[in-house]
Amino acid sequence: MTTSTRGTAKIPAVLVLEDGRIFRGRAYGAVGETFGEAVFSTGMTGYQETLTDPSYHRQVVVMTAPHVGNTGVNDEDPESARIWVAGYVVRDPARVPSNWRSRRSLDEELAKQGVVGICDIDTRALTRHLRERGAMRVGIFSGHSLPDEGTMLAEVRQAPEMKGADLSAEVATKETYVVPAIGEKKFTVAAVDLGIKGMTPHRMAERGIEVHVLPATATAEDVYAVNPDGVFFSNGPGDPSTADHPVAVMREVLSRKTPLFGICFGNQILGRALGFGTYKLKYGHRGINQPVQDRTTGKVEVTAHNHGFAVDAPLDRATDTPYGRVEVSHVCLNDDVVEGLQLLDQPAFSVQYHPEAAAGPHDAAYLFDRFVSLMEGQRA
């Protein structure tokens with residue numbers, strides 16, 4: 001990625017998809033060029049949390065909501081210390097942000113952090129194209145002297161694909177840190193950081209859990225060195241088929257029958273640990289408005305998603321595994337994609353979506369209480 005942070009008001013920009021489709025607009029954020037996987041997010045709000053979610057590492061995010069940047073950028077809502085998206089695509093950026101917490105405009109923040117974006121393009125047409133053709137590699141090029149279309153397309157096609165990408169260690173913490181319990185400490189949890197969002201340990205801390213956040217490279221010995229009452233595997237970017245190390249650590253946790261909870265990438269890791277395969281979705285689920293049914297209660301939740309891969313597990317029956325029986329506990333009502341797994345013979349479960357829900361909704365917050373119940377049961 002090459003960038004400049006000059007004013008972008010009249011600087012031309014071009015978005016080039018790997019299948020040759022081209023969109024022309026103007027620069028938004030930093031000026032330069034960037035490459036990644038083109039995906040779209042259907043959330044109407046929460047762009048600041050999306051931008052700072054490590055799961056979006058090496059992805060160029062297309063916002064389907066037409067107006068973006070209305071509330072500016074504040075210093076309270078980021079989910080990590082930086083913006084992780086490779087590029088950003090919006091239709092109509094806000095000319096003036098308006099919110100009592102706003103400290104600067106979204107355009108300014110993107111430029112400050114070197115994130116190349118494009119605006120004033122037909123994001124509806126681009127989203128429909130990605131729905132029909134699937135997520136694909138993309139490049140954004142901006143500046144007054146742009147390469148010819150053939151050169152830009154060749155550069156896009158040389159960029160790495162998301163399938164086969166091993167990215168979690170690139171976004172995870174390098175050193176262990178502790179998020180203390182809020183109020184009385186009731187439990188200790190070892191959280192394996194595969195791209196964790198800041199709200200996740202906070203949700204556990206609210207329930208009296210002291211969270212030890214460990215690097216993605218942590219071993220089983222590192223996990224059990226903190227004497228955990230439970231183990232958590234976080235969300236994160238990349239292809240789960242490459243995540244052999246976290247799969248091996250999770251199998252050790254399952255062997256010890258320690259209460260276990262995984263979300264997003266952690267759900268895919270559990271699927272692999274149990275012997276299921278994973279596969280790449282055509283265009284994935286991204287946004288804060290995805291309907292999921294909890295099959296254990298029958299309740300339908302509106303949930304926050306960010307995943308391009310899924311677990312290949314049977315929906316119609318429980319499956320025997322080396323760690324006991326497992327069933328699909330949650331399913332997406334749009335396309336029947338597996339959205340959760342639950343072991344029936346030991347305390348372990350996972351979901352594919354984001355129950356910490358920053359930004360919203362909060363329908364799935366009960367899953368943290370379910371994790372607490374597992375630890376209470378094990379202690380008893």
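Small disclaimer: the values here were computed from a predicted structure and weren't measured. (Residues numbered from 1 in each chain as written. Predicted model: local features only at pLDDT ≥ 70, side-chain atom pairs only at ≥ 80, totals over all residues. Heavy atoms only, no water.)

**Let's talk about the packing of helix 8 (residues 244-256) against helix 9 (residues 265-273)**
The geometry of helix 8 relative to helix 9 is characterised by a closest axis approach of 9 Å and an angle of 70 degrees between their N-to-C directions. Considered as vectors, helix 8 and helix 9 are oriented roughly perpendicular to each other. Facing helix 8, whose interface residues are D244, P246, V247, M250, R251 and L254, helix 9 presents G266, I269, L270, R272 and A273. Residue classes in the contact of helix 8 with helix 9 are distributed as seven nonpolar, one polar and three charged. (Axes fitted to C-alpha atoms, helices over the stretch in contact; angles between N-to-C directions. Helix = DSSP H or I, 4+ residues; strand = E, 2+ residues; numbered from the N terminus. Parallel < 35°, antiparallel > 145°, perpendicular 65-115°, else oblique. Contact = heavy atoms within 4.5 Å. Nonpolar A, V, L, I, M, F, W, Y, C, P; charged D, E, K, R; others polar.)

**Side note on the nonpolar core**
Counting 34 residues, the largest nonpolar core has V223, F233, M250, L254, L274, L341 and L343 as the members making the most contacts within it. Contributing elements (two or more residues each) for this core: strand 12 (187-192), helix 7 (220-224), strand 14 (230-233), helix 8, helix 9, strand 19 (324-332) and strand 20 (338-343). Here this core takes five residues from helix 8, the largest share from any one element. Excluding residues that lie within four positions of it along the chain, L254 makes contacts with L260, L270, A273, L274, Y323, L343, Q346 and A348. Formed by 24 residues, the second largest nonpolar core is a distinct cluster that contains A191, I209, V211 and L367. (Core = buried A, V, L, I, M, F, W, Y, C linked by side-chain atoms within 4.5 Å. Buried < 20%, exposed > 50% of the residue type's maximum accessible area, 1.4 Å probe, protein only.)

**Looking at the pattern of salt bridges**
Scanning the entire structure with this criterion turns up 21 salt bridges. Note that R133 is salt-bridged to D19, the shortest N-O span being 3.3 Å. Of this pair, R133 sits in helix 3 (residues 123-133) while D19 is found in the loop between strand 2 (12-17) and strand 3 (22-29), placing the two residues 114 residues apart along the sequence. The shortest N-O distance in the salt bridge between D369 and R207 comes to 2.7 Å. With D369 in helix 10 (residues 366-379) and R207 in the loop between helix 6 (199-205) and strand 13 (209-214), this residue pair connects regions lying 162 residues apart in the sequence. For D369, a relative accessible area of 37% puts it in the partly exposed group. Here the residues in one salt-bridge network are R203, E206, R207 and D369, joined through shared partners. (Salt bridge = Lys/Arg side-chain N within 4 Å of Asp/Glu carboxyl O.)

**Description of the pairing of strand 3**
The sheet contact formed by strand 2 and strand 3 spans five bridges and is antiparallel. Residue L15 lies in a different strand from strand 3, and its bridge partner there is F23. If you look at the hairpin formed by strand 2 and strand 3, you'll find four residues sitting between the two strands, and G20 has a positive phi there, around 100 degrees. Sheet analysis places strand 3 next to strand 9 (residues 116-119), joined by four bridges and oriented antiparallel. Across the sheet, residue G29 finds its bridge partner in strand 9, namely V116. (Pairing = 2+ DSSP bridges.)

Taken by themselves, the reported measurements are silent on function.
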